[in-house]
Amino acid sequence: MSLSSEIQRRRTFAIISHPDAGKTTLTEKFLLYGGAIQVAGAVKSNKIKKSATSDFMDIERQRGISVATSVMTFEYDSTLINLLDTPGHKDFAEDTYRTLTAVDSVILVVDCVKGVEEQTEKLMQVCRMRAIPVIIFINKMDRDGKDPFDLLDELEEKLQIKVRPLSWPVNMGSHFKGVYSLYHKHLNLFTPGSQRLDADILTISDLQDPTLDDKVGNKDAEQLRHDVELIEGVYEPFSLTTYREAHIAPVFFGSAINNFGIQELLETFIEIAPVPQHRITEERDVRPDETPFSGFVFKIHANIDPRHRDRIAFLRVVSGTFYRNTVYKHVRLDKNLRFNNPYTFMAASKDVIEEAYPGDVIGLYDTGNFKIGDSLTEGEALHYKGIPSFSPELFMELINADPMKSKQLDKGVVQLTDEGVAQLFIHSSGNKKVVGTVGQLQFDVIQYRLENEYGAKCRFTPIQMHKACWITSDDKKKLDEFMRLKSEFMYFDKEKNPVYMAETSWALNVAIENNPDIAFHTTTEFMSAVS
Ligand code: G4P
């Protein structure tokens, strides 16, 4: 098969949601359709317990399982689908944000009872920032949830994106009867509790057809006719271009647990979701159909066995064909590397691969060469953009609890932060280390892993910190002056970029107001300056 046909048949995406909306259940149903698993329940264990007090065993179990399910590759109707897993626990949100740099589209799951939740909004913000096309799946229609029209309004308002229903429910809760596909113009009738994969589909080209009344009853038939008329009147016709440009999100309704509306979602997804896309580097735009291979690392996973220090770097192929046992250039280190056992994640098992194509994710054994954001190429110096660090939300000072083990501590902290577990900021005086994370659990993970994998002991003490802002300016003098005046609050990240640590939002606002020549950034992408 040619490179271009390999690209055309691939879809690389992630399913994202607020915890409990149904991401795991939907993932599992997709895998069932793809024949990648045989029984329901197989993906269930892929979740850290949701209680706030997840213990270390959970963390370890999660790390083990999440390697196996990091990328789930399966085929459906000769389309090759790479489904990238994202952690369900909110404390691992940054992992999710980074995974979103490696996908070409997402399916966002929303619970029809709860509507848009906190994490849904945050995830959508990242999708908007990266212009990732989004399909929304409203789940749990077998429950009495919010009115579908109200849900659509809520989505538009809270997620700040225009929506366009492509399917419509016939009633909900215990009266849920099915979903009418506005895209394929057919009615899929619901059988509660059915786990059948083949849907009981009634093709209705004309909604006035009395068969509709026979199947769902007069009242619901009339309601559906009325709703559909309203939708077609109010919403603009679905446009593939606007969806792919991430200006509009098509919406589907269904029930993942009942396997309802899933096949339609999957089939429409395959039809409309973008194939592997180009990516921007500091040097130029890289198209997938370019012959030379290139790709970037978006995730690093440590070996769960502490006796083996090797790690797995997850690389997304952007262009060309990757071949096993071939020498590629590690751009940051300017070093040639060869991979004997790169693996893929076909059917949830790890298989060594001979070649990989744009959109694919490969696992590379790593002995410490890789950092998140690194690129591999056939020789060209390409630096992929858009694998940012985000300003953490929680900050603690790292205290060495065993001075005899400072070297181990330093090494451990550097390696764990390379993996993206947390971010490290070193005070400009050099004698204070601050660790920043997006969740409390991360501090427990660091402390536990430092002790178990590096033999180092640490403590964390809370500090007053509101935000970490990377600062830049065209005027070096002004930047130096600011850093001198604010030296107490000046830190450096691991790449030695200056970071202003604002203690309060008030202090940050004052600093921004008083220093118009300095840009304050909340991500290392240096795109989204704080306003
Ligand atoms: P998550 O990965 O987004 O956190 O959600 P997950 O799929 O685990 O689903 C969260 C809960 O919602 C699960 O129940 C799941 O069975 C249920 N669920 C998923 N889809 C539907 C649906 O379409 N309708 C209804 N009524 N429930 C649904 P649980 O009690 O937390 O777990 P379990 O005991 O069922 O495994």
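It should be emphasised that the depicted structure is a prediction, and the values quoted were computed from it without experimental measurement.

## Focus on the overall build of the protein chain
Next up, step 1: In terms of helices and strands, the protein chain carries 14 helices and 31 strands.
Next up, step 2: Put simply, the protein chain has 531 residues, and 56% of those count as buried.
Next up, step 3: Looking at the protein chain alone, contacts between residues at least 24 apart form 71% of all its contacts between residues at least 6 apart.
Next up, step 4: By element, 50% of the accessible surface of the protein chain is carried by carbon and sulfur atoms, the whole surface being about 22800 Å².

## Here we look at the confidence of the model for the protein chain
Next up, step 1: Of the residues in the protein chain, 87% have a pLDDT of 70 or more, and the chain-wide mean is 87.
Next up, step 2: Here helix α3 (residues 56–68) stands out as the element of the protein chain with the lowest mean pLDDT, 57, in contrast to strand β5 (residues 134–139), whose mean of 98 is the highest.
Next up, step 3: Segment residues 46–55: pLDDT under 50, and 22 contacts once partners within four positions in sequence are set aside and those in other chains are kept.
Next up, step 4: Within the model, the stretch residues 527–531 combines pLDDT values under 50 with 13 contacts to residues more than four positions away or in other chains.

## Quick word on the nonpolar core
Taken as a class, soluble globular proteins show a tendency for nonpolar side chains to be buried jointly.
Next up, step 1: Counting residues in hydrophobic clusters, the biggest one holds 66 residues, and the most contacted among them are Leu100, Ile136, Ile138, Leu155, Leu187 and Leu224.
Next up, step 2: For this core, the element with the highest residue contribution is helix α6 (residues 148–159), accounting for five residues.
Next up, step 3: Viewed by domain, this core spans two of them, domain 1 (11–38 + 79–272) and domain 2 (279–377), each represented by three or more residues.
Next up, step 4: If sequence neighbours within four positions are ignored, Leu155 has contacts with Val110, Val116, Ile136, Ile138, Gln160, Ile161, Val163 and Val251.
Next up, step 5: Core analysis: the next-biggest nonpolar cluster, separate from the first, contains 29 residues, Tyr33, Met72, Phe74 and Ile272 among them.

## A closer look at helix α13 (residues 476–485)
Residues spaced three or four apart along an α-helix point in a common direction, a consequence of the helix completing one turn every 3.6 residues.
Next up, step 1: Listed in full, the buried residues belonging to α13 are Leu479, Phe482 and Met483. Axial view of α13: buried residues confined to an arc of 95 degrees, hence all on one face. The exposed residues of α13 that point more than 90 degrees off its buried face are Lys477, Arg484 and Leu485.

## Thoughts on the pattern of salt bridges
When their charged atoms lie close together, side chains carrying opposite charge are able to pair.
Next up, step 1: Considering all chains together, one arrives at 33 salt bridges under this definition.
Next up, step 2: Among the salt bridges present, the one from Lys433 reaches Asp410, with a minimum N-O distance of 3.2 Å. Taken together, the residues Lys433 in strand β26 (residues 433–437) and Asp410 in helix α11 (residues 406–418) connect sequence positions 23 residues apart.
Next up, step 3: Using a relative accessible area of 26% as the deciding quantity, one classes Lys433 as partly exposed.
Next up, step 4: Asp410 gets classed as partly exposed once you look at its relative accessible area, which sits at 37%.
Next up, step 5: Among the charged side chains, a salt-bridge network with shared partners connects Glu6, Arg9, Arg10, Glu75 and Asp360.

## A short note on the sheet that holds strand β25 (residues 423–427)
Next up, step 1: Pairing within the open sheet is antiparallel, and its eight strands lie in the order β27-β24-β26-β25-β29-β30-β28-β31. Every interior strand has two partners, whereas the edge strands, β27 (458–462) and β31 (519–521), have only one. Going across the sheet, the axis of each strand differs from the next one's by a mean of 40 degrees, ignoring polarity.
Next up, step 2: Two elements, strand β28 (residues 467–472) and β31, share three bridges in a ladder whose sense is antiparallel. Residue Thr472 lies in a different strand from β31, and its bridge partner there is Ala519.

## Here's the deal with the sheet that holds strand β3 (residues 79–84)
Next up, step 1: Within the open sheet, the seven strands sit side by side as β2-β3-β1-β4-β5-β11-β6. Their pairing is mixed. Both edges of this open sheet fall to β2 (71–76) and β6 (162–165), since each of them pairs with a single strand only. Between one strand axis and the next, the sheet turns through 30 degrees on average, direction left out of account.
Next up, step 2: Examined bridge by bridge, β6 and strand β11 (residues 248–253) share four bridges and lie parallel to one another. Paired with Lys162 across the bridge in β11 is Ile248.
Next up, step 3: The sheet contacts of α6 involve β4 (105–111), β5, β6 and β11, and relative to β6 the element is tilted by about 155 degrees.

## As for unusual backbone geometry
Next up, step 1: You will see that Ala131, though not glycine, has its phi angle at about 55 degrees, which is positive.
Next up, step 2: With respect to the helices and strands, the residue Ala131 is situated in the loop between α5 (118–130) and β5.
Next up, step 3: Although it is not a glycine, Ala246 sits at a positive phi angle of roughly 65 degrees.
Next up, step 4: Assignment of secondary structure puts Ala246 in the loop between α9 (240–244) and β11.
Next up, step 5: Its relative accessible area of 17% is what places Ala246 among the buried residues.

Quick notes on the rules
Residues numbered from 1 in each chain as written. Predicted model: local features only at pLDDT ≥ 70, side-chain atom pairs only at ≥ 80, totals over all residues. Heavy atoms only, no water. Helix = DSSP H or I, 4+ residues; strand = E, 2+ residues; numbered from the N terminus. Buried < 20%, exposed > 50% of the residue type's maximum accessible area, 1.4 Å probe, protein only. Contact = heavy atoms within 4.5 Å. Areas by Shrake-Rupley, 256 points an atom, 1.4 Å probe, with all protein chains shown as cover. pLDDT = per-residue confidence, 0-100. Core = buried A, V, L, I, M, F, W, Y, C linked by side-chain atoms within 4.5 Å. Domains from an automatic or database assignment. Arc of directions from axis to C-beta. Salt bridge = Lys/Arg side-chain N within 4 Å of Asp/Glu carboxyl O. Pairing = 2+ DSSP bridges. Axes fitted to C-alpha atoms, helices over the stretch in contact; angles between N-to-C directions.

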